[in-house]
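Here's the letter readout for the chains.
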There are 2 protein chains.
Amino acid sequence: MADTRSRRADAQRNYESIVAAAEAEVARSGADASLEKIARDAGVGSATLHRHFPTRQALLEAVFHDQVEGLCAQAHELAGNADPATALADWLRAVAVHGAITRGLAASLLASGRAPTTPATSSCEVMLVDAGGALLRLAQDAGTVRPEVAIIDLLTLANAVSLATEDAGVAARLIALATEGIHLHANGVPAAR
Amino acid sequence: MADTRSRRADAQRNYESIVAAAEAEVARSGADASLEKIARDAGVGSATLHRHFPTRQALLEAVFHDQVEGLCAQAHELAGNADPATALADWLRAVAVHGAITRGLAASLLASGRAPTTPATSSCEVMLVDAGGALLRLAQDAGTVRPEVAIIDLLTLANAVSLATEDAGVAARLIALATEGIHLHANGVPAAR
DNA sequence: ACCTAAATGGGGTGGCACCCCGTTTCCGTC
DNA sequence: GACGGAAACGGGGTGCCACCCCATTTAGGT
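Residues numbered from 1 in each chain as written. Chains lettered and ligands numbered in written order. Predicted model: local features only at pLDDT ≥ 70, side-chain atom pairs only at ≥ 80, totals over all residues. Heavy atoms only, no water.

1. Description of the confidence of the model for chain A
Residue and element names in this part refer to chain A.
Okay, so step 1: Per-residue confidence for chain A gives a mean pLDDT of 89, with 87% of residues at or over 70.
Okay, so step 2: Least confident of the elements in chain A is helix α6 (residues 105-114), whose mean pLDDT is 77; most confident is helix α9 (residues 168-180), at 98.
Okay, so step 3: In the predicted structure, residues 115-120 sits below a pLDDT of 50 and forms one contact with residues beyond four places in sequence or in another chain. (pLDDT = per-residue confidence, 0-100. Helix = DSSP H or I, 4+ residues; strand = E, 2+ residues; numbered from the N terminus. Contact = heavy atoms within 4.5 Å.)

2. With respect to the pattern of salt bridges
Residue and element names in this part refer to chain A.
Okay, so step 1: Under the counting rule described, the total for this entry stands at 14 salt bridges over all chains.
Okay, so step 2: Measuring nitrogen to oxygen at the nearest pair gives 3.8 Å for the salt bridge that ties E166 to R103. Highlighted residues: E166 in the loop between α8 (151-164) and α9 and R103 in the loop between α5 (84-101) and α6, separated in sequence by 63 residues.
Okay, so step 3: Exposure remark for E166: the relative accessible area of 37% places this residue in the partly exposed category. (Salt bridge = Lys/Arg side-chain N within 4 Å of Asp/Glu carboxyl O. Buried < 20%, exposed > 50% of the residue type's maximum accessible area, 1.4 Å probe, protein only.)

3. Quick look at the protein's contact with DNA strand D
Okay, so step 1: Within the structure, DNA strand D sits among 24 residues, and A:R8, A:N14, B:A9, B:L35 and B:E36 are positioned closest to it.
Okay, so step 2: Protein-adjacent atoms of DNA strand D, using a 4 Å cutoff, are sugar or phosphate at a proportion of 59%.
Okay, so step 3: Contributions of two or more residues to the surface near DNA strand D are made by α1 (9-29) and α3 (46-52) of chain A together with α1 (9-29), α2 (35-42) and α3 (46-52) of chain B.
Okay, so step 4: The biggest single contributor to the surface near DNA strand D is α3(A), with five residues. (Near = heavy atom within 4 Å.)

4. Brief notes about the relation of the copies chain A and chain B
Okay, so step 1: For these two chains of identical sequence, chain A goes onto chain B by a turn of 180° and a shift of 0.0 Å along the axis, with RMSD 0.1 Å. A rotation of that kind, with that shift, is consistent with a two-fold axis.
Okay, so step 2: Take the interface residues of chain A: 100% of them recur as interface residues in chain B, which is what a same-surface contact looks like. (Least-squares fit on C-alpha atoms with pLDDT ≥ 70 in both.)

5. Concerning the protein's contact with DNA strand C
Okay, so step 1: Close to DNA strand C lie 25 residues, the nearest being A:A9, A:L35, B:R8, B:N14 and B:R51.
Okay, so step 2: Sugar and phosphate atoms form 61% of the subset of DNA strand C atoms that lie within 4 Å of the protein.
Okay, so step 3: The separation between a phosphate oxygen of DNA strand C and a polar side-chain atom of B:T48 is 3.0 Å.
Okay, so step 4: Residue B:H52 places a side-chain N or O atom 3.4 Å away from a phosphate oxygen belonging to DNA strand C.
Okay, so step 5: Contributing elements (two or more residues each) for the surface near DNA strand C: α1, α2 (35-42) and α3 of chain A together with α1 and α3 of chain B.
Okay, so step 6: No other element matches α3(B), which puts five residues into the surface near DNA strand C.
Okay, so step 7: Here the surface near DNA strand C is built from residues that sort into seven nonpolar, eight polar and 10 charged. (Polar contact = N/O pair within 3.5 Å; in protein donor to acceptor, adjacent residues only side chain to side chain. Nonpolar A, V, L, I, M, F, W, Y, C, P; charged D, E, K, R; others polar.)

In C-alpha cells form, the structure reads like this:
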C-alpha cells in the first residue's frame, strides 16, 4: 500500500501521519470519527487531510486496507480445508466477527456498496469478493453448497451482521444461523456447531 | 399512541406537529435527519423539539411506532398459515423488506439494541419480539424449525439486512438465503422460492 | 379577571465538514 | 550552493448542526 506514486517527501510523511492518527481515532470512535480531530492529532491542517482523502470513505479504506488483506489471506488458508462448505462458513464467520470487533470496518465496506459513484467500487470490496468467490466456487463444485448462492450476497450478509452488532459472539452466532438456516431436517441438524 | 398523559393542549399540538414533520423529513433523509430542520418545518423552536424528545431515538420511535404495529399485525395474520415455518420466514422477509424500504427504521431499531441505557429497551423492539416470538414458537412446536433458534437472533438478522441495503429485492433475497442456509441437501433445496 | 405552573423559542456555545488562498517547503537545475 | 517554480501546506472563513439557558408568553383552573 502507501501509493508509491510520485509524491513529495513531506506529502508522503503527512499521508502516513494521517492514516496513523485515523487508525487510532477510528478504533476509538468508529467510522464517524471527527476528521478535524484526526487532522489535529496527525499535526496537519484539516485542509491537508481533505486534500489527501477527498472523502471519508477514502480515508477509511486506507485505514482498513491491511486488515482486509489479512482476511483475504485467511481465505486462501481455509481453501485447503477438507470440507469446502465448512471453509466457506468459517471464513464468513471470520469476516463478520472481524467486522463486528473492528469499529468502522463494516460501515466503511457498506458505504462502498451503497454509492455507485466510484466506477470500480472500493478496492477492499473487490478483494473480499475475489477471495470469497474462490471459496464459494470450491464448495459449489464439491456439490455441498447450492449453486444459486452468490458471493456478493454472502458478503453483504456478513457485513450486515457486523453492522448490527459489535459483539463477536453474537456475530458468530448469527452467521452460523444464516449459513445453516432455520429448518430442522429429518436427518438432524447439519453441522449444528 | 400519542401519550394521553396529562399535557397542555398546546404542548400536544406541538408534539403532533413535530412527529408529522419528522415523518416527512426522515423519509427523505433517513435516521440522521436534521433535528433543526424538523423543528423549523414543524413551526416550533428547536428547544421545544428537544424538550419533547430528549434523544433522537425517542423521536424516531414515535415516528415508526405505527409501522411497527403494522408489522406485528402482519405476524398475527400469518400465524394462521398452514405451515408455521413458512409463516415465520415470510414474516422475517416482511420485516427486513420494510426496514430496507423505510429509511431510518432499521437504524432506529438498532440503536435501541445497542445501548442498554433504557431499562425496558425500546417499546418497538419489545413489540417485534413478542409478535415474532409467537410465530417462532408455533414453528418450533410443529417440529419444522430447530429448537435452539432464538427470536432475538432472527430479528437482529432481519434488522441487519435492512441496515445493509435499501433495496427490497436484495433484502428479500438475503433473508431467503439466511432462512434456508447455504447447503445443498440430498433431497434437494427445501422451499427454494 | 386573575394568577401560577407549564410551555415556548430566540439566541448563545461549541463542534463539525469543507474550502479559499496567501505562505512555506521541496527539489530539479544551473 | 543558490535559485525558481511547482507542489504542498494550514490558518481561518462559511454554513450547518445539537443542545441548552432563561426571559417571555400562554393555558386553563379558580
